Amino acid sequence: QVHMVESGGGSVQAGGSLRLSCAISTCPVRLYCMAWFRRPPGKEREGVARLDSDGVTAYADSVKGRFSISKDNAKNILYLQMNRLKPEDSAMYYCAGAHNPLLPGIVDDLWYHHWGQGIQVSVSA
């Protein structure tokens, strides 16, 4: 059974920073790919960043250079550091995991098997 619990969301002004955390409990399942998705108001869920078990990362064009995905393997926590936030970054953010290798890059959410409950990020102008 895999449990993923997000924390660290909230409200911030444009230009500010937030760090999202996702505590992952995976025993005995191994996750090959972990990712952050978001669902802006009235829009489809979209991939934001991805981290594979071999350390390879991928980012959506809209967040490249501003967001950074990482993982503390000792604590089994996935992070999303979000800098220079914009109002269009406002969304419900979800962490996700896949227990098999995926094609490279930001792939559709349908390929991920495990999800957190989501956490709100609001960026004001």
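Structure's up top.
Just so it is clear, the model here is predicted, and its values are computed rather than measured. (Residues numbered from 1 in each chain as written. Predicted model: local features only at pLDDT ≥ 70, side-chain atom pairs only at ≥ 80, totals over all residues. Heavy atoms only, no water.)

Give me the lowdown on the pattern of salt bridges, citing residues and values where you can.
Taken as a whole and assessed by the stated rule, the structure comprises 6 salt bridges. A salt bridge links D89 to R38; the shortest N-O distance between them is 2.9 Å. Here D89 is found in the loop between β8 (77-82) and β9 (91-98), whereas its partner R38 is found in strand β4 (residues 33-39), with 51 residues between them in sequence. What makes R38 buried here is its relative accessible area of 4%. Across the salt bridge formed by K64 and D61, the nearest N and O atoms sit 3.1 Å from each other. For the pair K64 and D61, a shared accessibility class is recorded, and that class is exposed. Each of R38, E46, R66 and D89 takes part in one network of salt bridges that share partners. (Salt bridge = Lys/Arg side-chain N within 4 Å of Asp/Glu carboxyl O. Helix = DSSP H or I, 4+ residues; strand = E, 2+ residues; numbered from the N terminus. Buried < 20%, exposed > 50% of the residue type's maximum accessible area, 1.4 Å probe, protein only.)

Would you mind going over the nonpolar core in detail, with residue names and values included?
Generally speaking, a soluble globular protein has its nonpolar side chains buried in company with each other. W36, L78, L80, M82 and Y93 are the most contacted members of the largest nonpolar core, which has 28 residues in total. Residue assignment for this core shows that the elements contributing at least two residues are β3 (18-25), β4, β5 (46-52), β7 (67-72), β8, β9 and β11 (119-124). Broken down by element, this core gets its largest block of residues, 4 residues, from β3. Excluding anything up to four places from it in sequence, L78 contacts L20, S21, C22, I24, M34, A35, W36, L51, I69, S70, K71 and C95. In terms of nonpolar packing, the next biggest core, distinct from the first, is built from 8 residues, C33, A35, F37 and A98 among them. (Core = buried A, V, L, I, M, F, W, Y, C linked by side-chain atoms within 4.5 Å. Contact = heavy atoms within 4.5 Å.)

Break down unusual backbone geometry for me, with residues and values.
Even without being a glycine, N76 presents a positive backbone phi close to 55°. Within the fold, N76 resides in the loop between β7 and β8.

Describe the side chain of S90, and please don't skip the residues or the numbers.
Tracing the sequence through the fold places S90 in the loop between β8 and β9. The buried category is assigned to S90, whose relative accessible area is 16%. In this structure the side chain of S90 is engaged in a polar contact, spanning 2.8 Å, whose partner is the backbone nitrogen of V123. For S90, the contacting residues outside a window of four places in its chain are P40, P41, V121, S122 and V123. (Polar contact = N/O pair within 3.5 Å; in protein donor to acceptor, adjacent residues only side chain to side chain.)

Residue-level account of the pairing of β3, with values.
Pairing of strand β1 (residues 3-7) with β3 involves 5 bridges; the strand directions are antiparallel. From the neighbouring strand, S7 faces β3, where its bridge partner is S21. (Pairing = 2+ DSSP bridges.)

Outline the sheet that holds β3, supporting the account with residue identities and numerical values.
The strand order β1-β3-β8-β7 describes an open sheet built from 4 strands, whose pairing is antiparallel. If you trace the sheet from one side to the other, it starts and ends with β1 and β7, each paired once. Neighbour-to-neighbour, the strand axes of the sheet open up by a mean angle of 20°, direction not taken into account. (Axes fitted to C-alpha atoms, helices over the stretch in contact; angles between N-to-C directions.)

Pulling in residues and values, what's your account of the packing of aromatic side chains?
Geometry of an aromatic ring pair is reported as the spacing of the ring centres plus the angle between the planes. Applying the stated criterion across every chain, the model contains 4 aromatic pairs. Measuring from ring centre to ring centre gives 6.3 Å for Y112 and W115, while their planes differ by 65°; the resulting arrangement is edge-to-face. With relative accessibility at 6%, the residue Y112 sits in the buried group. The class of W115 is partly exposed, set by a relative accessible area of 25%. Against the face of Y94 rests R45, its NZ or CZ located 5.2 Å from the ring centre. Over the ring of W115 we find R45, and its NZ or CZ is 3.7 Å from the ring centre. (Phe/Tyr/Trp six-rings, centres within 6.5 Å; stacked < 30°, edge-to-face > 60°. Lys NZ or Arg CZ within 6 Å of the ring centre and 35° of its normal.)

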